[in-house]
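# Descriptive structure summary
Here is what each chain is made of, one letter per residue.
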Amino acid sequence: MASNEWINGYLEAILDADESSRRSRTTSLMNGKLKFDEDGKKVEKLFSPTTYFVQEVVNSFDESDLHRTWLKVIATRNTRERSNRLENMCWRIWHLTRKKKQIAWDDAQRLAKRRLERAQGRDDAADDLSELSEGEKEKGDATNAESLRDRFPLINSDTQIWKADDNSSRLYIVLISIHGLVRGENMELGRDSDTGGQVVKYVVELARALANTKGVHRVDLVTRQITSPEVDFSYAEPIEMLCCPSDGGTSSGAYIIRLPCGPRDKYISKESLWPHIPEFVDGALGHIVNMARALGEEDGGKPMWPHVIHGHYADAGEVAAHLSGALNVPMVLTGHSLGRNKFEQLLKQGRLSREDINSTYRIMRRIEAEEFGLDAADMVVTSTRQEIEEQWGLYDGFDVRLERKLRVRKRRGVSCLGRYMPRMVVIPPGMDFSYVKVQDSLEGESDLKSLIGIDRTQSKKQIPPMWSEIMRFLTNPHKPMILALSRPDPKKNVTTLLKAFGESRPLRELANLTLILGNRDGIDEVSSSNSAVLTTVIKLIDKYDLYGQVAYPKHHKQSEVPEIYRLAAKTKGVFINPALVEPFGLTLIEAAAYGLPVVATKNGGPVDILKALNNGLLVDPHDQKAIADALLKLVAEKNLWFDCRKNGLKNIHRFSWPEHCRNYLTHVEHHRNRRPTTTHLEIKPTLEEPMSDSLRDVEDLSLKFSIDGDFKLKGDIDVAIKQKELIEVLTKMTSDNGNHSTCYCPGRRQRLFVIATDCYNSNGDCCTKTLAAIINNVMEVAALDSGRGSGRVGFLLLTGLSLQEIMDALRCCQVDLESFDAVVCNSGSQVFYPWMHLVADVDYEAHVEYRWPGENVRLMISRLARMESGAEDDIFENVGGSSSRCYSYNVKLGAKTQRVDYLRQKTRMRGFRCNLVYTLAGSRLNVIPLFASRTQALRYLSMRWGIDLSKMVVFVGERGDTDYEDLLGGLHKTVILRDTVEHGCEKLLRSEDSYRREDVIPIDNPNIAFLEGGSEAQDILMAIEAHRIK
């Protein structure tokens, strides 16, 4: 019944807190003292005692205890208002506890089902890959054993170490980090949850360090431009130089590039940035293309494409994946913190339902971005081995055992049967040790008497203010200092450390304890969880009578942290990180840099850090005695203390930025198994006058470029003969240089009208009448806008149909196929040029084929797409509509098939990376390469033809294929023609518990215009002009 006494106490505390808060609000209202912010909104107090005690009851006690308490309340009820409120509150909390239990049960069932599905996918992949040969088994076992022996593998023995002398080419590297406030100086770390050191500080320092590495010419850190008055004006600057090496050129160095994305005058959180990702992708693509060409002009004329594109966090990972696909350059991903891990932790807490978590954190949208990042990444950088096994291992797109098996097969030259797993590498974050003074590393025997003794007023040395702030708590500041530095978060486990210190008499007699727990003015002004930790700290100090032995200052500056480490080192103290789980442990490295031995949790990153530094002891964070014994051992045994100090200072270089960059570039070079195919985009002078629609329409001989061919003027030749010979030479040059970019260029276009209306009836047949009306109206718009010059507007057709099917449809529409500059078929897997006799763009096919599983995925799709209760012929391959880059499947009329998100999950679990699109009103499923899509085709043609994406107008209906949402975002303008598409595929896209459309498309997108389906050409023209498309 002891637990019931606790419950009774908590319930009474809730009533007292509630009554107190009501009286406070009433008094403030009467006195007119309620506080309001600048917008007139009431300023709420962050800490709520009621919330704290309710959470304690719900999370700490069983429902049976609550039920007994409720029965007791009923038995002792009276007419007093407090008694009635207590009974009602007890009932409500009891039901809240039961609800939490149900949520936990449902989530446990869901997790068990997902584990079973992952195991099934892994088993399917293992069956297809068949048994390893004996040699492969031996090598696989050796690899596994090596991993267990050395948990900090940085560079494999067969990997060539990066050396700048070996790389004659100058490297251009692009880093992506979208959210938060990013700038080079005076970083506002901790201002909000988006501006933390793990992302913002890390990427800024990484950019500087890479730019200072020999062989690297330029590093661009691309982030979001913020012009909001809520933040400093520096975040609105489009370019900020981080560093410029003295031996570099005018464009060398590291730069922050800020691009507009989302609301121009508002600083929004990372959870609200998801709908604006396509806009950022298009803006970043334009910057990279322009920069590559500019750098190429300095280096001989050829574009200098990025050596690698590196995305940081989930949102930037999705951006990097799209850019990698568009530019066909390698991609690196760093997750920093992962959505699935956070999702599972929130579910275990039981305070929020799955729906509440999703709506608050947009967690499902974030997880899908991380999965897509895994699909596209050549390499994933992690800080620790634990991050690989316990965090990335939760994802559909990564399995440790399957990755190891595929790696062994690839090493032996055995086919992986179209399967792919990204390679995980452990590269700990770099650190800047320039602020560590030489004497700090050598003053092992320094005494503090001259500084803090009786005669300190006579000392010539001045005590740092932070030292005075700490020492005022301590009766004997000469004693070794045990230092803990963290947020007052329950996960940091500071209270267990304090209990261990308080209950160990030898440790109390030998050492002092200093707790640096963030900054605060008052305990009540911090969050409820932090307030609970700080309150417990004060109570424990009082319980064990630790006054004069424990320091817990309220404030410290970031610049004073080095002084805190120095004080601990001068007292021959120890640093401790007792967190329940520590993803990495940056403070352990900082402490080692100042010669401090460490005691750290055995859960997470510290295992790898201490393996590398060999400067301390690992402990179970739940074992108070083990913590006290480890601290006492390091403080009392001076030889061990000096050995740990020496080892830490000796090995700390492994965590320096130069070492980090060397490891980083070595791994990048090792994993660059593809090279840019876009080098055919040559730098050419802008034509003073536009070329006409195609080469066959050449009428003017005074072309503004030279022709390097066999054409020579011979005497006085007739103009018609000159024209004929010129066309023959150009035709010969085109056939001789089939891979040259000009063979795909229809002319100098200034705008493109893109028709992407998915007009199908319920049977999946093309509505030719509607399609014809749309095409004719769009082309008439171009004719009405003739003031801009003939031939300045091009036309594209994007469809899920095959080439033959769209040709038949256009024939029924009585539309000439050659009116289009390009036709994108099979949901973006193929690009054809009607003005070149329907030649397929082989460069585009090579561009998107990366990781295309080909025949290996062909037979599996129909089995995965079929419902469990479905018939064998519900879905079958459409051989006539398939091609080398698209496997097409017909769905029987009335049959039900699995959604795209389900199919994507199942293919990822089996190691296949592909894109799946339902088209023809859901009667067909197209399976295409991962980087193939109608949107990516637009980006590809934008680079090919030199047309800015903002100069494209995409015409769509109110619904369409399952890739419809992708066509609505980005820099291009979109005209939605109402009532033109009757049947779409939106129900086949994703399940109800996934993310929503507003997480993909901005609600108020200024680039989208709505028109009635029967609108005339003049109405369309007015809508286009309203969007300022010049």
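Sequence positions are assigned chain by chain, starting from 1 and proceeding in written order. The predicted origin of the model limits local features to residues at a pLDDT of at least 70 and limits the giving and counting of side-chain atom pairs to 80 or more, whereas totals for whole chains, interfaces and linings rest on all residues. To get the side-chain values, take all heavy atoms of the structure and skip hydrogens and water.

Under the DSSP-based scheme used, a helix requires at least four consecutive residues in state H or I and a strand at least two consecutive residues in state E, with every element numbered from the N terminus. Helix and strand content of the protein: 33 helices and 26 strands. Only protein chains enter the accessibility calculation, which uses a 1.4 Å probe; a residue whose area is less than 20% of its type maximum is buried, one above 50% is exposed, and one in between is partly exposed. Burial analysis of the protein (1030 residues in total) assigns 56% to the buried set. At a minimum sequence separation of 6, the contacts of the protein that also span at least 24 residues come to 73%. As displayed, the protein has an accessible area near 46600 Å², and 49% of this comes from carbon and sulfur atoms. We call two residues in contact whenever any of their non-hydrogen atoms come within 4.5 Å of each other. The protein chains shown are the only cover counted for residues, whose accessible areas, like all others here, come from Shrake-Rupley with a 1.4 Å probe.

A few words on the sheet that holds strand β6 (residues 331–334). A pair of strands counts as paired when DSSP detects no fewer than two bridges linking them. Read from one edge to the other, the open sheet built from eight strands follows the order β3-β4-β2-β1-β5-β6-β7-β8, with strand pairing classed as mixed. Lying at the two open borders of the sheet, with one neighbouring strand each, are β3 (239–243) and β8 (423–426). Put simply, the sheet's adjacent strands are angled 25 degrees from each other on average, direction ignored. Sheet analysis places strand β5 (residues 308–312) next to β6, joined by four bridges and oriented parallel. Bridge pairing links His310 to Val332 in β6. Where helices are involved, their axes are fitted lines through C-alpha atoms of the stretch in contact, as for all axes, and angles between N-to-C directions lie from 0 to 180°. Against the sheet, helix α11 (residues 363–376) contacts β6, β7 (379–382) and β8, and its axis sits at roughly 140 degrees relative to β6.

Turning our attention to the pairing of strand β14 (residues 616–619). Bridge count between strand β13 (residues 598–601) and β14: four bridges; the pairing is parallel. Each residue of the ladder has a partner; that of Ala600, found in β14, is Leu618. Handedness of the crossover joining β13 and β14 through helix α22 (residues 606–613): right-handed. By the criterion used throughout, a crossover qualifies as right-handed when its path from the first strand across the helix to the second strand runs clockwise, the strands pointing away from the viewer.

This brings us to the sheet that holds strand β10 (residues 512–516). The strands making up a sheet are joined through hydrogen bonds of the backbone, oriented either antiparallel or parallel. Reading across the sheet, the six strands line up as β11-β10-β9-β12-β13-β14 and stay open at both edges, with parallel pairing between neighbours. The sheet is open, and its two edges are formed by β11 (550–551) and β14, each paired on a single side.

Located in the positive-phi region is Leu417, a residue other than glycine, with phi close to 55 degrees. Note that Leu417 resides in the loop between α13 (400–411) and β8. Non-glycine residue Arg851 carries a positive phi angle of around 65 degrees.

With respect to the helices and strands, Phe501 occurs in helix α17 (residues 494–502). Each C-alpha atom of the pair Phe501 and Asn512 lies 9.1 Å from the other, and the pair is 11 residues apart in sequence. Residues contacting Phe501, with those up to four places away along its chain left out, are Ile482, Leu507, Arg508, Ala511, Asn512, Leu513, Leu546, Gln549 and Val550.

Topologically, Thr223 is positioned in strand β2 (residues 216–225). Overall, the relative accessible area of 1% leaves Thr223 in the buried class. We define a polar contact as two N or O atoms separated by no more than 3.5 Å, with the added condition that, inside protein, one atom must be a possible hydrogen donor and the other a possible acceptor, whereas residues neighbouring each other in sequence contribute only through side-chain atom pairs. Within the local environment of Thr223, its side chain forms a polar contact with the backbone oxygen of Ser177, the two atoms lying 2.7 Å apart. Beyond its immediate stretch of four places on either side in the chain, Thr223 contacts Ser177, Ile178, Val182, Ile256, Ile257, Arg258, Leu259 and Phe280.

Here the focus is the confidence of the model for the protein. A residue's pLDDT is simply how confident the predictor is in it, with values from 0 to 100. Considering every residue of the protein, the mean pLDDT works out to 81; 75% of them sit at 70 or more. Scored below 50 in pLDDT, residues 440–446 shows 17 contacts in the model against residues more than four places distant or in partner chains. Across residues 733–743 the pLDDT falls below 50, and counting only partners more than four positions away or on other chains, this stretch makes 17 contacts in the model.

By definition, a salt bridge exists where a carboxyl oxygen of Asp or Glu is found within 4 Å of a side-chain nitrogen of Lys or Arg. Going through the model one piece at a time under the given rule, you end up with 50 salt bridges. The partner of Arg662 in a salt bridge is Glu659, and the shortest N-O contact between them spans 2.8 Å. Taken together, the residues span about one helical turn, with Arg662 and Glu659 both in helix α25 (residues 657–671) at a distance of three residues. In this structure Arg662 comes out as partly exposed when scored by relative accessible area, which is 30%.

The next point concerns the packing of aromatic side chains. Any two of the Phe, Tyr and Trp rings considered here, Trp counted by its six-membered ring, make a pair once their centres fall within 6.5 Å; the pair's planes then place it as stacked at under 30 degrees, edge-to-face at over 60, or tilted in between. Scanning the entire structure with this criterion turns up 12 aromatic pairs. Put simply, the rings of Tyr565, Phe575 and Tyr594 pair up and form one aromatic cluster. Only when the NZ atom of a Lys or the CZ atom of an Arg is both within 6 Å of the ring centre and within 35 degrees of the ring normal do we say a charge sits over the ring. Across from the ring centre of Tyr395, 5.4 Å away, lies the NZ or CZ of Arg340, which sits over that ring. One cation-aromatic arrangement involves Lys638 over Trp641; the distance from NZ or CZ to the ring centre is 5.8 Å.

What follows covers helix α20 (residues 561–570). Across the 10 residues of α20, nine count as buried, placing the element largely inside the fold. Of the residues making up α20, those classed as buried are Val561, Pro562, Ile564, Tyr565, Arg566, Leu567, Ala568, Ala569 and Lys570. Just past α20, the residue Lys572 takes up positive phi, approximately 60 degrees.

Right, let's get into the nonpolar core. Of all hydrophobic cores here, the largest spans 101 residues; its most connected members are Ile176, Phe280, Ile309, Leu323, Leu327, Trp392 and Tyr833. Per-element accounting of this core gives the leading share, 10 residues, to helix α7 (residues 277–298). When sequence neighbours within four positions are dropped, the list of residues in contact with Ile176 reads Val222, Phe280, Ile309, His310, Gly311, His312, Ala316, Val319 and Leu323. Listed in part, the 72 residues of the second largest apolar core include Met466, Ile470, Val494 and Leu613. Here, nonpolar core refers to any group of buried Ala, Val, Leu, Ile, Met, Phe, Trp, Tyr and Cys residues whose side-chain atoms link them within 4.5 Å.

A word on the environment of Gly870. For Gly870, the position within the fold is in the loop between α30 (855–865) and β20 (875–877). Residue classification places Gly870 among the partly exposed residues on the basis of a relative accessible area of 26%.

Turning to the packing of helix α23 (residues 624–636) against helix α24 (residues 638–651), a few remarks are in order. Interaxial distance between α23 and α24 falls to 5 Å at its minimum, and their mutual angle equals 90 degrees. In terms of orientation, α23 lies roughly perpendicular with respect to α24. Between α23 and α24, the contacting residues are Lys633, Leu634, Val635 and Ala636 on the first element and Lys638, Leu640, Trp641 and Cys644 on the second. Polar here means any residue outside two lists: the nonpolar Ala, Val, Leu, Ile, Met, Phe, Trp, Tyr, Cys and Pro, and the charged Asp, Glu, Lys and Arg; Gly therefore counts as polar. Per-class residue counts for the contact of α23 with α24 are six nonpolar, no polar and two charged. Roughly parallel refers to an angle under 35 degrees, roughly antiparallel to one over 145, roughly perpendicular to one between 65 and 115, and oblique to any angle outside these ranges.

A few words on the pairing of strand β4 (residues 253–260). The buried fraction of β4 is high, at seven of eight residues. The pairing of β3 with β4 spans four bridges and is classified as antiparallel. Bridge pairing in β4 links Glu240 to Ile256.

Another aspect to go through is the side chain of Asp841. Mapped onto the elements of the fold, Asp841 is located in the loop between β19 (839–840) and α29 (842–848). Residue Asp841 is classed as buried on the basis of its relative accessible area of 0%. Looking at Asp841, its side chain comes within polar contact range of the side chain of Tyr833, at 2.6 Å. Polar side-chain contacts of Asp841 include one of 3.1 Å to the backbone nitrogen of Tyr844.

Between α17 and helix α19 (residues 528–543), whose axes approach to 10 Å, the crossing angle comes to 5 degrees. In terms of orientation, α17 lies roughly parallel with respect to α19. Contact with α17, carried on its side by Val494, Thr495, Leu498 and Lys499, involves Val533, Thr536, Val537, Leu540 and Ile541 of α19 and no other residues of that element.

Here we take up the environment of His671. Looking at the secondary structure, you find His671 in helix α25. With 249 residues separating them along the chain, His671 and Pro422 place their C-alpha atoms 9.8 Å apart. Those residues in contact with His671 that lie beyond four places of it in its chain are Asp378, Met379, Arg423 and Val425. At 2.7 Å, the side chain of His671 forms a polar contact with the backbone oxygen of His667.

Time to look at α11. The α-helix advances 3.6 residues per turn, and as a result positions three or four apart in sequence lie on the same side. One less than the residue count of a helix, multiplied by 1.5 Å, gives the span that helix is expected to have. Helix length check: α11 (14 residues) gives 20 Å between terminal C-alpha atoms against 20 Å at 1.5 Å per residue, within 8%. With 14 of 14 residues buried, α11 is to be regarded as a mostly interior element.

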